[in-house]
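The residues making up each chain are set out below.
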Amino acid sequence: MASTTHDSDKLRLGVNIDHVATIRNARGGRHPDPVRAALAAEEAGADGITAHLREDRRHITDDDMARIRAAISVPLNFEMAATDEMRRIALGVKPNACCLVPERRQEVTTEGGLAVAHEQRALAGFITDLRDAGIRISLFIDPEPREIEASASLGADIVELHTGPYCHAAVAGDPERVAHELRRLVDAARFAHEAGIEVHAGHGLGFETVGPVAAISQMRELNIGHFLIGEAVFVGLPAAIRSMREAMDTARHATKTAPLARTETAA
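Residues numbered from 1 in each chain as written. Predicted model: local features only at pLDDT ≥ 70, side-chain atom pairs only at ≥ 80, totals over all residues. Heavy atoms only, no water.

Chemist: For this particular structure, what's the right way to read the packing of helix α7 (residues 164-172) against helix α8 (residues 175-194)?
Modeler: Geometry of a packed helix pair, given as the angle between the helix axes and the separation of the axes. Closest axis-to-axis distance for the α7/α8 pair is 8 Å, and the angle between their directions is 160°. The orientation of α7 relative to α8 falls into the category roughly antiparallel. Handedness of the crossing formed by α7 with α8: left-handed. Residues Pro 165, Tyr 166, Ala 169 and Ala 170 of α7 form the contact with α8, whose own contacting residues are Arg 177, Val 178, Glu 181, Leu 182 and Leu 185. Within the contact of α7 with α8, the residues separate by chemical class into seven nonpolar, no polar and two charged. (Axes fitted to C-alpha atoms, helices over the stretch in contact; angles between N-to-C directions. Helix = DSSP H or I, 4+ residues; strand = E, 2+ residues; numbered from the N terminus. Parallel < 35°, antiparallel > 145°, perpendicular 65-115°, else oblique. Left-handed = near helix turned anticlockwise from the far one by under 90°. Contact = heavy atoms within 4.5 Å. Nonpolar A, V, L, I, M, F, W, Y, C, P; charged D, E, K, R; others polar.)

Chemist: Hey, could you run me through α7 in this one?
Modeler: Residue pairs three or four apart in sequence face the same way in an α-helix, which turns once every 3.6 residues. Within α7, the full set of buried residues consists of Gly 164, Tyr 166, Cys 167 and Ala 169. On its buried side, α7 packs onto β6 (158-162), α8 and α9 (210-214). Within two residues after α7, Gly 173 carries a phi angle of roughly 70°, on the positive side. (Buried < 20%, exposed > 50% of the residue type's maximum accessible area, 1.4 Å probe, protein only.)

Chemist: So what exactly am I meant to see when it comes to the sheet that holds strand β8 (residues 219-224) here?
Modeler: Sheets are built from strands paired through backbone hydrogen bonds, the pairs being either parallel or antiparallel. With parallel pairing, the eight strands of this closed barrel are ordered in space as β1-β2-β3-β4-β5-β6-β7-β8. For this sheet, the mean inter-axis angle between neighbouring strands, taken without regard to orientation, is 25°. Summarising the sheet, strand β7 (residues 198-202) and β8 pair through four bridges and their orientation is parallel. Bridge pairing links Ala 201 to Leu 222 in β8. Against the sheet, helix α5 (residues 120-132) engages β3 (76-80), β4 (97-100) and β5 (136-141), with an angle of about 165° to β4. (Pairing = 2+ DSSP bridges.)

Purely spatial values, then, with no claim about function.
See below:
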């Protein structure tokens, strides 16, 4: 998110707090407060906070974004659709990074990556305005070469690779599909890194799926939210974050000490 270091070995964890607001909004009022969740995540070791201000405000609100930005000391990653309204709000909030995502009103959650190659002309001016304000640009994309090429041509600082299909295959117990989707992520991460773009990933990751993604050597950050908020119901948010941090670090350490094993896993 806000880091400008591309060669660090540390894999950062961005915690998405959207669904703390989902719980709050289910009943109204102010509890549980996503700002409190952001501060708890930071204290537990999160390297950044992610929040998605949707056009329909189904969870995070405008006020939440302003309060989170004022409260935290780690970077804020502002997820948003590429609309004039969201650009105006982002320029007011001044997050460390804006992650542009596709958004449809009827979707339960983000269903796929941004069609950067198709929307390149429309995105160009939008991105320029944010970059001129000192905001890093992240594009949430499917792990496809053409989307990475388009992201590079737009001058994106970051691509966040969509891990949903990989996670869905893992949950379904389909090892061939898991291997296929993981290979797509590995190849995309390498391609993006070679293009000079910082590589992040996210969507659907949990304790059982995070390891192979964390082991991808070019990966610099994982953004995880729904799973951590769900796990927090049982163990608390700090404990859930610490366990995820441990799983990521274990996979990362294995990458350094057993490169052959890493290659076999990714194949």
